[in-house]
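# Summary of structural features
The lines below spell out each chain.
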Amino acid sequence: MIRTGYLLLTTLLLLAGCGASDNSGSDADKQAQVWLPVGGAATVEWQASLGFLQFIPGLPLEELAQVSRGRELFVADWEMAPGARPQLDGLGPLFVAGACDLCHTANGRAASLLADGQIGSGLLFRLGDASGQPDPHLGGQLQPFATVGRGEGDVSWQDDGSGKPQFVLSNPTHALAAGVHLGPRLSPQLTGVGLLNLVPEEQILAYEDESDSNADGISGRAHRLQREGQDCIGRFGWKAMQCSLRGQSAGALQQDMGLTSVVNPQEPCTEHQDICASQPSGGNPEVSAEALGQINEFLSVLAVYERRVSDNAAFERGAQLFAQTGCEACHRPTLTTRTDAALAPLRGQTIYAYTDLLLHDMGADLSDGVGEGNAQPQEWRTPPLWGLGLLENDGVSRFLHDGRAQTLPQAILWHGGEGLAAKQAFEQLEQSQRADLLSFLRAI
Ligand code: HEC
Ligand code: HEC
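Keep in mind that this is a model prediction, so the values were computed, not measured.

### Quick notes on the pairing of strand β9 (residues 230–234)
Where strand β8 (residues 223–227) and β9 come together, 5 bridges link them in antiparallel fashion. Bridge pairing in β9 links R227 to Q230. Between β8 and β9, which pair antiparallel one after the other, the connecting turn spans 2 residues, and E228 there sits at a positive phi close to 50°.

### Comments concerning the site of ligand 1
The environment of ligand 1 is made up of 27 residues, and the closest members are C100, C103, H104, G237 and W238. G237 is positioned such that a nitrogen or oxygen atom in its backbone is 2.7 Å from an oxygen atom of ligand 1. Of all the secondary-structure elements, those providing two or more residues to the shell around ligand 1 are α4 (100–103), β3 (123–128), β7 (181–186), α7 (245–257) and α9 (289–300).

### Points about the coordination of the iron atom of ligand 2
Coordination of the iron atom of ligand 2 by the protein comes from H331 (NE2) and H415 (NE2), over a distance range of 2.0 to 2.1 Å. Classification of the site at the iron atom of ligand 2 rests on its 6 donor atoms, whose angles at the metal span 88 to 179°, yielding the label octahedral. One end of the pair, H331, is in the loop between α10 (312–324) and β11 (335–336); the other, H415, is in the loop between α12 (408–413) and α13 (420–427), and 84 residues separate them in sequence. As far as the burial class goes, H331 and H415 line up, both buried.

### Structural notes on the nonpolar core
Grouped together as the largest cluster of nonpolar side chains are 96 residues, with contacts concentrated most on W78, F167 and L299. Once you skip the residues sitting within four places of it in the chain, W78 turns out to touch L73, Q87, L88, D89, L91, G98, M257, L259, E286 and V287.

### Observations regarding the state of the cysteines
For the coordinates displayed, the defined rule picks out 2 disulfides. Here C232 engages in a disulfide with C243; their sulfurs sit 2.1 Å apart. Taking the sign of the S-S torsion, about 70° here, the bridge from C232 to C243 comes out right-handed. Here the residue C232 occupies a position in strand β9, and C243 occupies one in the loop between β9 and α7, the gap between them amounting to 11 residues. Each member of the pair, C232 as well as C243, is classed as buried.

Analysis parameters
- Residues numbered from 1 in each chain as written.
- Chains lettered and ligands numbered in written order.
- Predicted model: local features only at pLDDT ≥ 70, side-chain atom pairs only at ≥ 80, totals over all residues.
- Heavy atoms only, no water.
- Pairing = 2+ DSSP bridges.
- Helix = DSSP H or I, 4+ residues; strand = E, 2+ residues; numbered from the N terminus.
- Near = heavy atom within 4 Å.
- Polar contact = N/O pair within 3.5 Å; in protein donor to acceptor, adjacent residues only side chain to side chain.
- Donors = N, O, S within 2.8 Å, 3.2 Å for Na, K, Ca; no water.
- Tetrahedral: all angles 85-135°; square planar, octahedral: opposite > 155°, others 65-115°.
- Buried < 20%, exposed > 50% of the residue type's maximum accessible area, 1.4 Å probe, protein only.
- Core = buried A, V, L, I, M, F, W, Y, C linked by side-chain atoms within 4.5 Å.
- Contact = heavy atoms within 4.5 Å.
- Disulfide = S-S within 2.5 Å.

Honestly, that's just the spatial picture; any functional story needs more than this.
Written out as structure tokens, the structure reads:
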């Protein structure tokens, strides 16, 4: 692998060379683009030993103190109340995991579909019907654990031969209501989420084309939501259910860990569940506004990783094929962050996240029958593709919202609905073109 600094320099020199000899240059030369660092000033070189736990360079000292406190809260094992460490108690009484880090292991992807039919810590389950109504007894998310007694139920999975995992709920404390399904959600890697948090809403809206006015078969739409009393555009989660890192963290604290905060002061119990009222609380709220802020400082400064390009020509060919096959219509190469961000390295950066942050109808095969907010069961937010190739070889990670794809090409072949034409174009590529596209995908 070529070192990043060297690579960037050679790329720029090569591009400068192309420009200079433009008269005789081929079409490919003319189209060769200037590649800025993937995450602007928030880019670092990938170091396998540090994994996804790298911070953006050049942070001021006082910021680092907040970040390290936030990191402690992210990896901490929360306990039931009353605990020996009052700042870390209040877990449950219903919960999915006792630490953020259990699902976002080292900020990457944890195991999801285990070979024996069990579910790893990287997968949780929403509960809802097609119109987005939660289960009246168990709520909008399954909490398989409880601090006392037993959790709401266990899930296992089966392969029915089609490659789409079938999920089975056993021992539920209450049977699911008619029309309510399990909505599997894989824990995504947390790369560059601080940058995505800072993309202005106008940019997301500019990519919207709900009635497909340009007739390209792609009709992405923004997920319009209300959070903390304000209208906002969803951007985080597989269905873009949260507008900000603050909302995402507070949602995780409540639904995944049973921890209340200023944003979500209620425990995750429905009116039919009395365990929340009968168990001691870890404070009001259990996670202070200061602690929530520190978690978000930690998430905000997570770096993105420089491209891993070993063959520049193949990379350029792959980039062109990525555009030609139509991937770019949803996986938009660049976005730009706000200019008024608190931290200088995050301000006004061009970032190569490969997403439009919009919802798209991806076809029946990717539907799980669960609506969320205003998102239909078939609709998913275009996930960012940066750094995804780094996950492919870790032996654990899987792809797509339910982890059904073991490799990147498998993930592409599940695209349907608005993504069907791109998938078919990918299938029709010659072997060598496919290899170029995949090498590009693995390098970005
Ligand atoms: C039980 C597993 C689990 C725990 C615990 C958990 N998460 Fe997550 N996280 C997920 C899943 C699953 C998603 C995708 C959610 C969705 O699709 O709505 C997610 C999404 C996110 C995202 C958005 C990423 C993106 O690209 O859209 C952030 C940020 C995040 N989690 C942070 C946290 C923080 C901070 C904590 C601890 C307070 C936490 N998570 C605890 C499973 C978990
Ligand atoms: C219509 C919009 C659209 C188009 C076109 C499209 N994608 Fe996607 N892509 C998505 C959405 C939405 C998902 C998430 C689907 C899910 O998880 O159910 C996704 C998921 C993926 C994933 C897995 C991501 C992850 O985090 O696990 C990869 C890899 C991917 N796309 C690559 C491509 C490539 C390569 C092309 C072009 C051949 C392409 N996509 C075309 C919208 C699109």
